[in-house]
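# Understanding the architecture of this molecule
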Amino acid sequence: MRTKARLLAGATVAAVLALPTAAHAHLVDTRLGDFYGGALHPLTELQQILPWIALAALAAFQGARRARWVIAAFPLALLAGGLAALAVPAPPYESLVGIGLVAATGLALAAAARVPLPVLVGLAAVMGLLHGFQNGQGLPASTDRLLFLAGATAIGYVVMTLATGAALAFLRGVGGWRPIALRASGSWVAAVGIMVLGLQFFAPTAS
Amino acid sequence: MPPVPSKSLPLAALLAAIPLAPALAHTGSGVAIGLQSGLLHPITGADHLVAMVAVGLWGAQLGAPAIWVLPITFPLVMAVGGLIGLAGVPLPFVEPVVALSGLALGLLIALHVRPPLWAAAVLVGVFAIFHGYAHGRELPGAADPTAYAVGFVVATGLLHLTGILIGVLVAWPAGARLVRVCGAAIGCVGLYFLLASVGVLS
Amino acid sequence: MTTSTSTSSLDRIRAAALTCLLLLCGVLLPTWSASSHEASMAVITLREIAPGRYLGQWTMPPVDPTLQPIFPPHCRWEPPELVCGERGLIGRLSFMGLGSKQSVATIKVLPRDAAPQVYTVSAAKPIVMAARTPGTDLAVWLDLAETYVNLGIDHILRGIDHLLFVLGLIWLTSSGWMLVRTITAFTVGHSISLAAATFGWVGVPERPLNAAIALSIVFVGVEIVKLQRGEAGLTARYPWIVAFAFGLLHGLGFATALTALGIPQATLPIALLFFNVGVEIGQLAFVMVVLTLIWAHRQARAVLPRWGVALPAYAIGSVAAFWFLSRV
């Protein structure tokens, strides 16, 4: 049963990850309505999905007792951020903070940092609020905002729960290479974050 | 590096910074193209490819601390190289050094050289900076810079993994010999590209 | 039953996963329930008046007036007349303006000397190939399969009431084997009634049907609360019987999406088969996601506090009760 469940989890995660590359994002968007459009949106935004997975793995390094709070805090923050986007204008440096979060969570995961619970939940809350805000921003008038945000929140909950659960199960397995593999993935995320952050600073003046 | 029209850079940065829903229809294909070109970039360049496999192979040959330090630190150092490339800092001899990295690592594997960890780390770190620099300069022109970065970081990591998995063979005497033969082959490919890049071969 | 610690912690894990899903359902309530059963169909009928000349007419006008059929390039479409010349109406058929509001459109062709043909174009399958002899060509079959499988998947994924019922069934079953039997019973039930309704053997008006479907979900909510209080109700003891019975009901609901298309008798069995396959694919995917979520909650030991265990059952019940009232 356990191995079956693992296979299942692996397959689901793989399917979820494969979706954005399938490149028919807009088809699902128009075909299944705004809920699924909202659910698909963060998956096509690498600047959202990468730090989500890094955050889940980072949480898993802190053990189940701390990690489970992220599962609760993150989707709620995501929803709150989305609703805030309907009411207030964008905060300054919103996109820079977003990319900074990619680098920061990636680095923390690569270092397998011990993070106190308030910091972990705070990181989840800031990321959720910011990404929720980005999801809720600038939706076309024909979009049902509530459905779209509900979809985005749902996918946030599903991805965060599955990734945290899978990372915890992965770390419980035997083998010293397991934490190394997770940390290496954090280092990948951090590398992407650092370079895209660099692009923000250098690109406009590079020419 | 292909010249990028000066107007398109701020525009591209601006577009990349707007994760709006109207762009959703396009991000799908942009992400796919970016990922694809990022994934293919290290794989289609044989000099990059053999050097990255060599890094994993050497790590596996060196054993315990190196094989653990390598997959975590290499991408980060490579990102620093990418930053230097983005900043437009001129770095001399990029192509020869990339080719040299294949040659040097191949030789080190073939001769089974075991330097202290810090020396190995510095050597691989220097190569990582040059590899990152070569990729980083392509970044601003990518269809979706984030996707491109993900693509080449993942491709590089997978090439390391390939090297490490081949390196598992060192547990057997015959496998250890095979690994050294692989190293020699990599050194030959590196030598070819080194000669080509300095203009001896065309 | 609830006093055993292992059972109660399992309950709390499930409750945590389900609450999260239900919170979202709650958000969706006002907008989604209204749209879950609307069949936004459009049908254009082309009657052949002379060889290669057709007279077109919307027999079911589109919701979105900008929707336009796109005919093969050798045809000239000057509403209401379509002139295709000697080759006749063969080639690519499509619609401009298909989206979530107008997801399906049908072109009915009534040739003078052959059986009527129907081509269904959906957002998931935006182009179909028209051929002279349908049913003999493998490509036509594949076209049909792609269209109706996708239609089935879309229908179940957009039908939140069906998903909610399946969620309740997952909850009420305690072992993996029992879940397999229960979901199979539900599938058999809704396949039977879907077929019966599509072939016109039974007919139920849509409003009372939807109300009854809502009521079935209320019933499941009540059964869950009963189970938590330690009284094993009918569903907890024989979940497959309940699943089969209500499956019959939900199948009638699935049929409304299919009958609205006005598929001709010749293609009906095959369309029905593929539609049903699509529904099962969607349902299986949903069950997999829920099971994986429960597994992940267990891994993270993310459980609801003891006082919150009954919340999701009450949430299911009240959401469905609200639907029932709004549909009566």
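Please read these numbers as outputs of a predicted model, since none were measured by experiment. Throughout this document, residue positions are counted from 1 along each chain, in the order its sequence is written. All chains are assigned letters beginning at A, and all ligands numbers beginning at 1, according to the order in which they are written. This being a predicted model, a pLDDT of at least 70 is required before a residue's local features are given, and a value of 80 or more before pairs of side-chain atoms are given or counted; all residues contribute to the totals for chains, interfaces and linings.

## Some remarks on the overall build of chain A
Our working definition: To qualify as a helix, a DSSP run of H or I must reach at least 4 residues; to qualify as a strand, a run of E must reach at least 2; elements of each kind are numbered from the N terminus. With C-beta atoms placed from the backbone, a residue counts as buried when 20 or more other C-beta atoms lie within 10 Å of its own, as exposed when 12 or fewer do, and as partly exposed for counts between those limits. By the convention adopted here, residues make contact when the C-beta atoms placed from their backbones lie within 7 Å.
When helices and strands are tallied, chain A shows nine helices and zero strands. The order of helices and strands in chain A, counted from the N terminus, is α-α-α-α-α-α-α-α-α. Here chain A, with 207 residues, has 58% of them falling under the buried criterion. Partitioning the contacts of chain A with sequence separation of at least 6, the portion at a separation of at least 24 is 86%.

## Looking at the overall build of chain B
Secondary structure assignment for chain B yields eight helices and zero strands. Along chain B, from the amino end to the carboxyl end, the secondary structure elements read α-α-α-α-α-α-α-α. Counting every position in chain B, which comprises 202 residues, the buried fraction comes to 50%. Across chain B, contacts joining residues at least 24 apart in sequence account for 88% of those joining residues at least 6 apart.

## Structural notes on the sheet that holds strand β7 (residues 104–110) of chain C
Residue and element names in this part refer to chain C. Rules: In this description, strands pair whenever DSSP reports at least two bridges between them. For helices, the fitted axis covers only the stretch in contact; all axes are lines through C-alpha atoms, and the angles between them, taken along N-to-C directions, range from 0 to 180 degrees.
Spatially, the six strands line up as an open sheet ordered β4-β5-β2-β1-β7-β8, and their pairing is mixed. The sheet is open, and its two edges are formed by β4 (76–78) and β8 (117–122), each paired on a single side. This sheet shows a mean twist of 25° between the axes of neighbouring strands, independent of strand direction.

## Describing the confidence of the model for chain A
Quick reminder of the rule: Per-residue confidence from the predictor is reported as pLDDT, which spans 0 to 100.
Predicted confidence across chain A gives a mean pLDDT of 82, with 83% of residues reaching 70 or more. In this model, residues 1–9 of chain A is a region of pLDDT below 50 whose contacts with residues beyond four sequence positions or in other chains number twelve contacts.

## Comments concerning helix α3 (residues 34–44) of chain A
Here α3(A) lies mainly inside the structure; eleven of its eleven residues are buried. Along α3(A), the residues that are buried comprise D34(A), F35(A), Y36(A), G37(A), G38(A), A39(A), L40(A), H41(A), P42(A), L43(A) and T44(A).

## So, the confidence of the model for chain B
Residue and element names in this part refer to chain B. A residue-level look at chain B finds 85% of positions with pLDDT of 70 or above and a mean pLDDT of 79. Per-element confidence in chain B ranges from a low mean pLDDT of 42 for helix α1 (residues 8–16) to a high of 89 for helix α7 (residues 145–167). Across the interfaces of the predicted complex, the ipTM metric reaches 0.80, alongside a pTM of 0.77.

## Some points on the UniProt feature "transmembrane region" (unreviewed entry) in chain B
Residues and elements named next belong to chain B. We count it as follows: UniProt positions are given in the numbering used here, feature names are shortened, and annotations may be inferred rather than shown by experiment.
Listed under "transmembrane region" (unreviewed entry) in the UniProt record, and renumbered for this structure, are residues 49–70, 82–111, 117–134, 146–172 and 178–201. The distance from the first to the last C-alpha atom of residues 82–111 is 31 Å, and the span holds 73% helix and 0% strand. Along residues 117–134, the helical share is 100% and the strand share 0%, with 26 Å between the first and last C-alpha atoms.

## Overview of the nonpolar core
Generally speaking, nonpolar side chains in soluble globular proteins are found buried as a group. The test is simple: Working definition: the nonpolar core is a set of buried Ala, Val, Leu, Ile, Met, Phe, Trp, Tyr and Cys residues, joined through C-beta atoms within 7 Å.
Formed by 215 residues in total, the largest nonpolar core has its most connected members in A57(A), V192(A) and M195(A). When sequence neighbours within four positions are dropped, the list of residues in contact with A57(A) reads L109(A), A163(A), A167(A), L182(A), S185(A) and G186(A).

## Side note on the sheet that holds strand β6 (residues 91–96) of chain C
Residue and element names in this part refer to chain C. On the basis of which strands lie adjacent, the open sheet formed by three strands has the order β3-β6-β9 and antiparallel pairing. Edge positions in the sheet fall to β3 (68–70) and β9 (127–130), since each has one partner strand and no second. Taking the axes of each pair of neighbouring strands and ignoring which way they run, one obtains an average angle of 30° across the sheet. As paired strands, β3 and β6 are joined by three bridges and run antiparallel to one another. Each residue of the ladder has a partner; that of I70, found in β6, is S94.

## Digging into the pairing of β8(C)
Residue and element names in this part refer to chain C. Counting buried residues in β8 gives six out of six residues, a clear majority hidden from the surface. A two-sided burial pattern is seen for β8, the buried positions comprising Q117, Y119 and V121 on one face and V118, T120 and S122 on the other. In this sheet, β8 lies alongside β7 in antiparallel orientation, the contact comprising six bridges. Counted as the bridge partner of V109 is Q117 from β8.

## Quick look at unusual backbone geometry
One non-glycine residue, A112(A), lies in the positive phi region at around 50°. In this structure, A112(A) sits in the loop between α6 (94–110) and α7 (117–136). A112(A) gets classed as partly exposed once you count the C-beta atoms within 10 Å, which come to 17. Even without glycine at this site, F93(B) takes up a positive phi of about 55°. Its location among the elements puts F93(B) in the loop between α4 (64–86) and α5 (94–110).

## Observations regarding the pairing of β6(C)
Where β6(C) lies against β9(C), four bridges are found, and the strand directions are antiparallel. Note that in β9(C) the partner of S94(C) across the bridge is I127(C).

## Side note on the environment of C75(C)
Residue and element names in this part refer to chain C. With respect to the helices, strands and loops of the structure, C75 is situated in the loop between β3 and β4. Sequence spacing of C75 and G91 is 16 residues, and the spatial spacing of their C-alpha atoms is 9.7 Å. If near-sequence neighbours (up to four positions away) are discounted, C75 is found in contact with L82, V83, C84 and L89.

## A look at the packing of α6(A) against α7(A)
Residues and elements named next belong to chain A. What counts, and what does not: The cut-offs work like this: below 35 degrees is roughly parallel, past 145 is roughly antiparallel, 65 to 115 is roughly perpendicular, and the gaps in between are oblique. If you view the pair so one helix is near and one far, a crossing is left-handed when the near helix is turned anticlockwise from the far one by less than a right angle, and right-handed when it is turned clockwise. Here the term charged refers only to Asp, Glu, Lys and Arg, the term nonpolar to Ala, Val, Leu, Ile, Met, Phe, Trp, Tyr, Cys and Pro, and the term polar to all other amino acids, Gly among them.
Following both chains from N to C, one finds α6 and α7 inclined at 140°, their axes separated by 11 Å at the closest point. When the axis of α6 is compared with that of α7, the two are oblique. Where α6 crosses over α7, the handedness of that crossing is left-handed. Here α6 contributes E94, V97, G98, L101 and T105 to the contact with α7, which in turn contributes L123, M127, L130 and Q134. When its residues are assigned to classes, the contact of α6 with α7 shows five nonpolar, three polar and one charged.

## Considering the packing of helix α4 (residues 176–198) of chain C against helix α7 (residues 239–259) of chain C
Residues and elements named next belong to chain C. The interhelical angle for the contact between α4 and α7, taken along N-to-C directions, is 40°, at an axis separation of 6 Å. Relative to α7, α4 is oriented oblique. Crossing angle aside, the handedness with which α4 passes α7 is right-handed.

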